[in-house]
Amino acid sequence: MTSVNDKLDSKIEGLKSKFPYLILKKVQDNKSNDVYERFVNWVAGEFDLYLMNESENLKVYFPNGEFRISNFNNKVNKRFIEIKVEGRSEKICQNMMMRLEMLLNHVLNYEYNKIS
């Protein structure tokens, strides 16, 4: 299965080099790993009809683009969630980023209300 994903990624990288791509990126503070896991789970459920790769982080392919959601720590060990949307159409990329931000805000509000 990994070789199929590697082949798909290499073909997509080849296409990216031939066509202009728009990249949108958002980084959000992440206070706990539960927020990231819940966000990825909800996004995977929302986009379950799209081709996905969930090996290291969540990568979802949509028509004319893709988005990635990853979790990382900076140098002082503070956690962040990164959303990166890439595509050929500015309008589609902006709409996709807006949908992902709405889901992230929903997860963050859920986590905040759970704590309060």
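A quick note: this is a predicted structure, and the numbers were derived from the prediction, not measured.

Attention now moves to the overall build of the protein chain. When helices and strands are counted, the protein chain shows three helices and five strands. Beginning at the N terminus, the succession of helices and strands in the protein chain can be written as α-β-α-β-β-β-β-α. Taking all 116 residues of the protein chain together, 32% fall into the buried category. When the accessible surface of the protein chain is totalled, it reaches about 7700 Å², and 51% of it is carbon and sulfur.

The biggest cluster of nonpolar side chains holds 21 residues, and the ones touching the most others in it are F39, V43, F47, F67, I69, V85 and L100. Secondary structure elements with two or more residues in this core: α2 (33–46), β3 (58–62), β4 (65–73), β5 (79–87) and α3 (90–115). The greatest single-element share of this core, amounting to seven residues, is contributed by α3. Among residues more than four places away in sequence, those in contact with F67 are V43, F47, L58, K59, V60, F62, K84, V85, M96 and L100.

Position of E66 among the secondary structure elements: in strand β4. The class for E66 is buried, based on a relative accessible area of 2%. A distance of 2.7 Å separates polar atoms of two side chains, one belonging to E66 and the other to R68.

Let us now look at the sheet that holds β5. The strand order across the open sheet formed by five strands is β1-β5-β4-β3-β2, and the pairing between neighbours is antiparallel. What marks the edges here is a single partner per strand, and that holds for β1 (22–29) and β2 (51–53). For this sheet, the mean inter-axis angle between neighbouring strands, taken without regard to orientation, is 15 degrees. Bridge count for β2 against β3 is three bridges, and the pairing is antiparallel. Bridge assignment links N53 to a residue of β3, and that residue is K59. Docked against the sheet, α2 engages β2, β3, β4 and β5, running at close to 165 degrees with respect to β4.

On to the confidence of the model for the protein chain. Caution applies to low-pLDDT parts of the model: their predicted coordinates are not meant to be read in detail. Of all residues in the protein chain, 79% have pLDDT values of 70 or greater, and the mean over the chain is 83. Model confidence for the protein chain, summarised as mean pLDDT per element, is weakest for helix α1 (residues 2–18) at 61 and strongest for β3 at 93.

Applying the stated criterion to the full structure yields five aromatic pairs. Seen in terms of ring centroids, F47 and Y50 are 5.6 Å apart; in terms of plane orientation they differ by 55 degrees. Their pairing is tilted. For F47, a relative accessible area of 1% gives the class buried.

Rules of the game
Residues numbered from 1 in each chain as written. Predicted model: local features only at pLDDT ≥ 70, side-chain atom pairs only at ≥ 80, totals over all residues. Heavy atoms only, no water. Helix = DSSP H or I, 4+ residues; strand = E, 2+ residues; numbered from the N terminus. Buried < 20%, exposed > 50% of the residue type's maximum accessible area, 1.4 Å probe, protein only. Areas by Shrake-Rupley, 256 points an atom, 1.4 Å probe, with all protein chains shown as cover. Core = buried A, V, L, I, M, F, W, Y, C linked by side-chain atoms within 4.5 Å. Contact = heavy atoms within 4.5 Å. Polar contact = N/O pair within 3.5 Å; in protein donor to acceptor, adjacent residues only side chain to side chain. Pairing = 2+ DSSP bridges. Axes fitted to C-alpha atoms, helices over the stretch in contact; angles between N-to-C directions. pLDDT = per-residue confidence, 0-100. Phe/Tyr/Trp six-rings, centres within 6.5 Å; stacked < 30°, edge-to-face > 60°.

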